[in-house]
Amino acid sequence: MASPLRKFAAILFFVLIVGLAVALFGYRLAVKSLPDYQATVNLDVLEQTVHVYWDGYKVPHIYAQNERDLFRVAGYLVAQERLWQMDLCRRIAIGRLSEIFGRRTLENDVFARTWCFQRVAEKIVADLPDGARATLENYTAGVNRFIETHRHALPVEFALLGYEPEAWRVTDSIAFARFMAFQLSFT
């Protein structure tokens, strides 16, 4: 029969091995989506070369030769840094949280759908001047380019919840802006 010390050592060894495996897996899952600020990225949605300088605080400074490329890169960078937040905010605004969180967020979805943030966004897009629509379309193209090229390295939240983000739409940006305006109007 094994001594109590030997049993304790075996249990401790098992716990350490499992803990190490969980830590390594968690680290890999979290780190795979982090951007490489030194990388050169070739975006096929750009018309001309764009340079991005990241300062010491990781704030991007975009140097583009035209506005179309400026907004495409801006969309790409926002998605690179905040894709999970963007997807969550979109779901809040259009009433689709319950698709990933279940019944506990149903009341939030009913609220958002009652106030019709999605429908209002669709009406706003239909009435946008050409320049404003083009700006939002270029931004959206950048966001979608990031989603398309990084399906293998999405933020860890997507893996934990077991889904992938849908393509971004112009109405998603406007719906969330309308939702934020609604929330901020009660101060």
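Our subject is the structure that appears above.
Let me sum up the structure you'll find in this document. (Residues numbered from 1 in each chain as written. Predicted model: local features only at pLDDT ≥ 70, side-chain atom pairs only at ≥ 80, totals over all residues. Heavy atoms only, no water.)

### Quick look at the packing of aromatic side chains
Counted by the stated rule, this structure contains 11 aromatic pairs. A centroid spacing of 5.5 Å and a plane angle of 85° characterise the contact between Trp84 and Phe158, whose relative ring orientation is edge-to-face. Here the residue Trp84 occupies a position in helix α2 (residues 67-94), and Phe158 occupies one in helix α7 (residues 156-161), the gap between them amounting to 74 residues. Just as Trp84 is buried, Phe158 falls in that class too. Centroid distance Phe111 to Trp115: 6.4 Å. Interplanar angle 50°. Geometry classified as tilted. Aromatic ring contacts, followed pair by pair, group Phe111, Trp115, Phe117, Phe176, Phe179 and Phe182 into a single cluster. (Phe/Tyr/Trp six-rings, centres within 6.5 Å; stacked < 30°, edge-to-face > 60°. Helix = DSSP H or I, 4+ residues; strand = E, 2+ residues; numbered from the N terminus. Buried < 20%, exposed > 50% of the residue type's maximum accessible area, 1.4 Å probe, protein only.)

### As for the nonpolar core
With 19 residues, the main nonpolar core has Ala79, Leu83, Met86, Val143 and Phe158 as its most contacted residues. If you list the elements that add at least two residues to this core, you get α2 and α6 (130-149). Broken down by element, this core gets its largest block of residues, 7 residues, from α2. Formed by 12 residues, the second largest nonpolar core is a distinct cluster that contains Ala112, Ala121, Val170 and Phe179. (Core = buried A, V, L, I, M, F, W, Y, C linked by side-chain atoms within 4.5 Å.)

### Remarks on the packing of α2 against helix α8 (residues 170-184)
Here α2 crosses α8 at 70°, and the two axes come no closer than 8 Å. As summarised for this structure, α2 and α8 are arranged roughly perpendicular, according to the angle between their axes. Considering only the axes of α2 and α8, their crossing is left-handed. For the pair formed by α2 and α8, the contact residues are Cys89, Arg90, Ile92, Ala93 and Ile94 on the first element and Asp172, Ala175, Phe176 and Phe179 on the second. (Axes fitted to C-alpha atoms, helices over the stretch in contact; angles between N-to-C directions. Parallel < 35°, antiparallel > 145°, perpendicular 65-115°, else oblique. Left-handed = near helix turned anticlockwise from the far one by under 90°. Contact = heavy atoms within 4.5 Å.)

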